[in-house]
Amino acid sequence: MATKKSPAKKKVATKVVKKAPAKKVVAKKVVAKKAVTKKVAKKPAAKKVAVKKTAVKKPVAKKAIKKVAAKKVVAKKPVAKKPVAKKVAKKSAKKSTPKALKVDHYGLEEDDEFYGLYFAKSTKKGLVEVKPCTFSLMYWWKGLLGYPDMIEISKNSNTAMLQFESTFGGGDSGETELTEKDVLDIDHIIEVDEEEMLVSLYSYVPISIPENLIGALGLAILNINPETRYGSLEICSTENKEGQTEHFLRYRAATYLRGIKSGKVEAIESMVTNGSEFFGLALDAMCVNKSIKKWLLS
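Let us look at the structure shown here. Keep in mind it's a predicted model, so treat the numbers as computed, not measured. Within each chain, residues carry numbers counting from 1 in the order of the written sequence. A pLDDT threshold of at least 70 governs which residues receive local features in this predicted model, and a stricter bar of 80 or more applies before side-chain atom pairs are shown or counted, although totals over entire chains, interfaces and linings include all residues. Heavy atoms throughout the structure, all of them, feed into the side-chain values; hydrogens and water do not.

As for the side chain of His-247
The numbering of helices and of strands both runs from the N terminus, where a helix is a DSSP run of H or I of at least 4 residues and a strand a run of E of at least 2. For His-247, the location among the structural elements is in strand S8 (residues 245-256). Two N or O atoms form a polar contact when they lie within 3.5 Å of each other; inside protein one atom must be a possible hydrogen donor and the other a possible acceptor, and for residues adjacent in sequence the pair counts only when both atoms belong to side chains. Side chain to side chain, His-247 and Ser-237 meet in a polar contact 2.7 Å long. Contact partners of His-247, with chain neighbours within four places excluded, come to Ile-207, Ser-208, Ile-209, Glu-211, Ile-214, Ile-235, Cys-236 and Ser-237. Contact criterion: two residues are considered in contact whenever any of their non-hydrogen atoms come within 4.5 Å of each other.

Details of the pairing of S8
Both strand S6 (residues 198-204) and S8 contribute to a ladder of seven bridges, which runs antiparallel. When the sheet's bridge partners are listed, Tyr-202 is paired in S8 with Arg-252. Pairing between strands is defined by DSSP: at least two bridges between the two strands are required.

Here we look at the packing of aromatic side chains
Two rings belonging to Phe, Tyr or Trp (six-membered ring only in the last case) form a pair when the distance between their centres is within 6.5 Å. Interplanar angles under 30 degrees mark stacking, angles over 60 mark edge-to-face geometry, and anything in between is tilted. With the rule as written, the count across this model stands at eight aromatic pairs. Residues Phe-119 and Phe-135 carry aromatic rings whose centres are separated by 3.8 Å and whose planes lie at 10° to one another, so their mutual orientation is stacked. Here Phe-119 is found in strand S1 (residues 119-123), whereas its partner Phe-135 is found in helix H5 (residues 132-144), with 16 residues between them in sequence. Since its relative accessible area comes to 15%, Phe-119 is described here as buried. Each residue is placed in one exposure class: buried if its accessible area under a 1.4 Å probe, protein chains only, is under 20% of its type's maximum, exposed if it is over 50%, and partly exposed if it falls in between.

Details of the layout of surface pockets
Put simply, the grid is 1 Å and covers the protein atoms alone, a cavity is a trapped set of points that fit a 1.4 Å probe, a pocket is an open set with protein on both sides within 12 Å along at least five of seven lines, and lining residues have an atom within 4 Å of a point. Grid points are joined across faces, edges and corners, and a volume is the space filled by probe spheres set on the points. By volume, the largest pocket amounts to about 240 Å³. Residue lining of the largest pocket: 17 residues in total, with Tyr-106, Gly-107, Leu-108, Met-197 and Arg-258 positioned closest to the centre. By residue class, the composition of the lining of the largest pocket is six nonpolar, three polar and eight charged. Residues are grouped as follows: Ala, Val, Leu, Ile, Met, Phe, Trp, Tyr, Cys and Pro are nonpolar; Asp, Glu, Lys and Arg are charged; all remaining types, including Gly, are polar.

Points about the nonpolar core
Core analysis: the biggest nonpolar cluster contains 50 residues, and Trp-140, Ile-190, Leu-283, Met-286 and Trp-295 have the highest contact counts within it. With ten residues, the single largest contributor to this core is helix H7 (residues 264-286). Once residues within four sequence positions are removed from consideration, Ile-190 is found in contact with Leu-137, Trp-140, Ala-160, Met-161, Leu-162, Phe-164, Val-199, Ser-200, Leu-201 and Val-272. By convention a nonpolar core is built from buried Ala, Val, Leu, Ile, Met, Phe, Trp, Tyr and Cys residues, the set being connected through side-chain atoms within 4.5 Å. Formed by five residues, the second largest nonpolar core is a distinct cluster that contains Ile-189, Tyr-202, Cys-236 and Phe-248.

Structure (structure tokens):
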């Protein structure tokens, strides 16, 4: 509204100019001053614009927030440095590796139960070295069971073998095919491989398999082996003194003694005990076939 009134005053000024030309100049100056005052009046509006500029500055505040967010990214950098900490941990692990355990002539570390020991056996040919796995078998056979020494050791002492016999009897619950009266003779062979530190158990039915039962036994083995939790059944073929091929039913299990710091003797004992149990269960399951049962008890 102020801007509309000012043009009306300009028309009055023109009339004064006609009466006194000199005064017109003065009047114009006054008008000019009024124009100045108008300019001053407009300045608050300009200030309002300035206020608006402050409102425009709000995005600047957002930029500042973004900068804070950028600072958060900087804060995440220490998280990226965690692998460096892991490397430090690895270095500490490497520092502990020089404290490696000593190893003896058998390759046993110093925290092994047989570390640094030397065993020998007196034979007709003189002293024979008894290496750790063979000694474990010997201790189980002689020390725990009290049987006479029947272990055969090779010249270089890298292999050994123990042969013995046992009997197997059926159950008394009435739920088994084989009863207490059904007794089977079983042959056992335990072999030792010192280089592999492997001890293997082989249990045989000492009766050759008739040709007409090989197929039935093979089928029974295929059904029983998946259910056997320890060891496995197999048909072993060999030649007799007459050069004829014979087939035998065999159960096989094995245990590694490598890495067992303490308890090698107990590991062998557990292998034989579990092996005998599972072989007996497999034989009883086979006797569902009456022909196989008749053969086993012959």
